[in-house]
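# Examination of the molecular architecture
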Amino acid sequence: MTDENQKDDTPTQDNDNAWASIGSAHKSINIAVADTVREAILSGRFKPGDRLTEVGLAKAFDVSRNPVREALRVLEVEGIVEINPRKGARVALLSSEEIEEIIELRAELESMSARFAARRCNDEGREELGKLLEDGNRADADGEVEVLTELNQKFHNEIAMAGKNRFLVGFMKTLHEKTQWIFANRPEFNIAENWKEHAAILRAVIEADEELASVLAKRHVEDIGKDIAKFTEVTDT
Ligand SMILES: [Zn+2]
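Description of the structure in this document. (Residues numbered from 1 in each chain as written. Predicted model: local features only at pLDDT ≥ 70, side-chain atom pairs only at ≥ 80, totals over all residues.)

## Looking at the overall build of the protein
The line we're drawing: Secondary structure elements follow DSSP: runs of H or I no shorter than four residues count as helices, runs of E no shorter than two count as strands, and numbering proceeds from the N terminus. Remark: C-beta atoms are placed from the backbone, and a residue is labelled buried if 20 or more other C-beta atoms sit within 10 Å of its own, exposed if 12 or fewer do, or partly exposed between those counts. Residues are treated as contacting if the C-beta atoms built from their backbones sit within 7 Å of each other.
What the protein contains, in helices and strands, is nine helices and three strands. The buried share among the 237 residues of the protein stands at 33%. For the protein, contacts bridging at least 24 residues in sequence account for 75% of all contacts bridging at least 6.

## Some words on the sheet that holds strand β2 (residues 81-84)
Strands belonging to one sheet form pairs held by backbone hydrogen bonds; the direction of such a pair is parallel or antiparallel. Note the following rule: For two strands to pair, DSSP has to find at least two bridges joining them. Here, axes are lines fitted to C-alpha atoms. For helices the fit covers the stretch in contact, and angles between N-to-C directions go from 0 to 180 degrees.
If you trace the three strands from one edge of the open sheet to the other, you get β1-β3-β2, paired in antiparallel fashion. Only two strands of the sheet have a single partner each, and these edge strands are β1 (51-52) and β2. Where helix α3 (residues 65-77) meets the sheet, its contacts fall on β1, β2 and β3 (88-91), and the angle it forms with β2 comes to roughly 115°.

## A word on the pairing of β2
Along any regular strand the residues' side chains alternate between the sheet's two faces. Judged from the four bridges that link them, β2 and β3 form a sheet pairing that is antiparallel. Among the inter-strand pairings, Glu-82 is bridged to a residue of β3, identified as Arg-90. Hairpin connection of β2 to β3: three residues between the antiparallel strands.

## Some remarks on helix α4 (residues 96-120)
Side chains of residues three or four places apart in an α-helix project in the same direction, reflecting 3.6 residues per turn. The line we're drawing: Here the expected span of a helix is defined as 1.5 Å times the quantity of residues minus one.
The terminal C-alpha atoms of α4, which comprises 25 residues, lie 35 Å apart, in line with the 36 Å expected from a rise of 1.5 Å per residue. What α4 keeps buried is the set Ile-99, Ile-103, Arg-106, Leu-109, Glu-110, Ser-111, Ser-113, Ala-114, Arg-115, Phe-116, Ala-117 and Ala-118.

## What about the pairing of β3?
Sheet analysis places β1 next to β3, joined by two bridges and oriented antiparallel. Looking at the pairing, Leu-52 lines up with Ala-89 of β3.

## A closer look at the environment of Arg-69
Its location among the elements puts Arg-69 in helix α3. Along the chain, Arg-69 and Leu-57 lie twelve residues apart, while their C-alpha atoms are 9.5 Å from each other.

## Quick look at the environment of Thr-53
Structurally, the position occupied by Thr-53 is in the loop between β1 and α2 (54-61). C-beta crowding within 10 Å serves as the criterion here: with 15 such atoms nearby, Thr-53 is assigned to the partly exposed category. Between the C-alpha atoms of Thr-53 and Arg-65, which are twelve residues apart in sequence, the distance is 9.7 Å.

## Some words on helix α1 (residues 29-42)
An ideal rise of 1.5 Å per residue puts 20 Å on 14 residues; α1 measures up with 20 Å between its terminal C-alpha atoms. What α1 keeps buried is the set Ile-29, Ala-32, Val-33, Ala-34, Val-37, Ile-41 and Leu-42. Its buried side turned inward, α1 meets α2, α3, β3 and α7 (166-184). With its phi angle positive at about 90°, Gly-44 sits one or two positions after the end of α1.

Spelled out as structure tokens, the structure:
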């Protein structure tokens, strides 16, 4: 890049902006910027196709443009940001093929995971899953959306751990970032409905019903996939 880019390097005095403290963090600045932008993309705050300008991000983070450029390159390698030499950077679009492939794989892995959990859950594990079920049902009944959101996320992790196959847990982790991103962009997501599906899987696992647990877990992911397929018809290029 040329010297004219240096003009934008003056830090802004935006103290109300939580991101602005990043410039003084111990962590290397480009990593901190990449972490924060990644989080915004994976949580769905930055939507597929949103423009990411170096100037805008540098201002938001109160840093110079160099670490922002570095951060965007890192996210490009990860496949969640696209950089066009003329148009600049934007949040990558989710291609429908990619979504299909990930959902297909995730459905099988979740199904396997639930089957293993139902097979291998000991008394201690059953107690833990029972507590999750109880907490979730209570939050659902009380309409505590935030608690329920947290428990919904916890659910997939607990089932994976209860399956007691470290390699399967590893594969799920590899897919986690992509699925989190896909799920965050799911339209009309119903948290209570999601919990009810999770609760049914939990009950099957606790009752050691391998077949039911695996069928319900597979259907759960496939249904999410169908919702998302409708959405990508609009955003896909
Ligand atoms: Zn789920």
